[in-house]
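Chain by chain, the residues:
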Amino acid sequence: MPSEYATYYGIAVLAVMTYLTRVTGYLIGSRIPEESRLYRIIQTLPGCALSAVVAPSLVRGTPLDTAAVIAAAAVFHFSGQILTALLTGLAISVAGSHWMGM
Amino acid sequence: MPTISPPAKPRLVKSPHRQEQWESYRRGFMATVRISVFPFIFGVLFLTAALSRGFTGEQAMWMSVTVFAGSVLFAGMEIWTEPLPYFALAITALSVGSRHTLMGLTLPPIFRRKSGRPPLLTLFFLTDLNWLLTTKAHDVPHRFAYFLGSTTLIYSSWVLGSVLGWALAGFIDQTTIDATRSMGTIFIALVILMLSKGFKGSRWPWLAAAIASAGVGLFAPRMATLAGVLTGTITAAFVTKADHAE
């Protein structure tokens, strides 16, 4: 592990950069008119970013990871219960890892 | 002799504007109750993982309360080596947190409607969940107050989960910690499903982003998200143009 000081500097770097990602979008978005086509494009981008995070994880993950995600999504789709969906996915991951050694 | 009555006590009367703000805040808080388990569990998992990687409890708690982004923290821990690669940490935070930049782009018109420009420091609390809830709360008059109500519970749950993770760290075995690595993916998949409900725009850009990022992720994992977002943006530009022409 790095030294105590180095660790706190590292935490500061993460904190500042993460805050910048949060505030920069708002500041840029403030200059875009709501009626513009650009704003309509922008509205689809968070969905694109979320999809772009999930898809590679599904492709690279173990079959157990993929099964957990699919099961959670299926439970949410059919029941609308977010908590049940989350717990289903978590239970499959944890139980599967212990039983199958994945 | 005339009697002098004591002056009437001033009554605190809430203006309709304040009442509306308070009601919006309360609705944001209540809407978050059911899903506050997400930040709570992520808080537990993060602290447990951080302690298992050699961080002290104090350091892990500082990370938790000052960064407040599970995905950035987990990605940062992956490259936490001696000597500490500050530049790589900065790039990782920018890359992993970039989806919050895209979410932030959509917020100004939503916040401005009745609340004006919010204090920029409050955007420290922007997460997938309070962004999702706030953008979907179309019938709420003060969306910024709603955002703050949601934020109050999300941040509290995250910090409480972190404290519990610190306390429980010795009781959770490594297999269980490793098993929860898919939690982030499960969470984001559920956020996509929630976002998709009632979404009025086209979902083709989402699909294009998913295919592109999955393909690129096989060869260059660090470029996958960027490739997906770029592909999604280009697709959105075409699809929106087509919508506009109809």
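Not measured: the values here are computed from a predicted model.

Scoring rules and cut-offs
Residues numbered from 1 in each chain as written. Chains lettered and ligands numbered in written order. Predicted model: local features only at pLDDT ≥ 70, side-chain atom pairs only at ≥ 80, totals over all residues. Contact = placed C-beta atoms within 7 Å. Helix = DSSP H or I, 4+ residues; strand = E, 2+ residues; numbered from the N terminus. Axes fitted to C-alpha atoms, helices over the stretch in contact; angles between N-to-C directions. Parallel < 35°, antiparallel > 145°, perpendicular 65-115°, else oblique. Left-handed = near helix turned anticlockwise from the far one by under 90°. Nonpolar A, V, L, I, M, F, W, Y, C, P; charged D, E, K, R; others polar. Core = buried A, V, L, I, M, F, W, Y, C linked by C-beta atoms within 7 Å. Buried ≥ 20, exposed ≤ 12 C-beta atoms within 10 Å, placed from the backbone. Domains from an automatic or database assignment.

## Structural notes on the interface of chain A and chain B
Okay, so step 1: Facing 62 residues of chain A, the contacting portion of chain B comprises 76 residues.
Okay, so step 2: Within the residue set of the side of chain A that touches chain B, elements represented by two or more residues are α1 (4-29), α2 (37-60), α3 (63-79) and α4 (82-100) of chain A.
Okay, so step 3: If one sorts the elements of the side of chain A that touches chain B by residue count, α2 of chain A sits on top with 22 residues.

## Points about the packing of helix α2 (residues 37-52) of chain B against helix α3 (residues 57-67) of chain B
Residues and elements named next belong to chain B.
Okay, so step 1: Interhelical geometry of α2 versus α3 gives an angle of 140° and a closest axis separation of 9 Å. Overall, the two elements α2 and α3 adopt an arrangement that is oblique. Once α2 is placed against α3, the crossing between them reads as right-handed. In this structure, α2 contributes Gly43, Phe46, Leu47, Ala50 and Leu51 to the contact, and α3 contributes Gly57, Ala60, Met63 and Ser64.
Okay, so step 2: Taken together, the residues of the contact of α2 with α3 break down into 6 nonpolar, 3 polar and no charged.

## A short note on the nonpolar core
Soluble globular proteins tend to pack their nonpolar side chains together in the buried interior.
Okay, so step 1: In terms of nonpolar packing, the biggest core is built from 91 residues, with Leu14, Ala52 and Ala72 of chain A together with Ile186 and Leu190 of chain B touching the most fellow members.
Okay, so step 2: Looking at this core, the element that brings in the most residues is α2 of chain B, giving 11 residues.
Okay, so step 3: Each of domain 1 (1-31) and domain 2 (45-100) of chain A contributes no fewer than three residues to this core.
Okay, so step 4: Other than its neighbours up to four places away in sequence, Ala72 of chain A contacts Ala85, Leu86, Thr88 and Gly89 of chain A together with Ile186, Ala189 and Leu190 of chain B.

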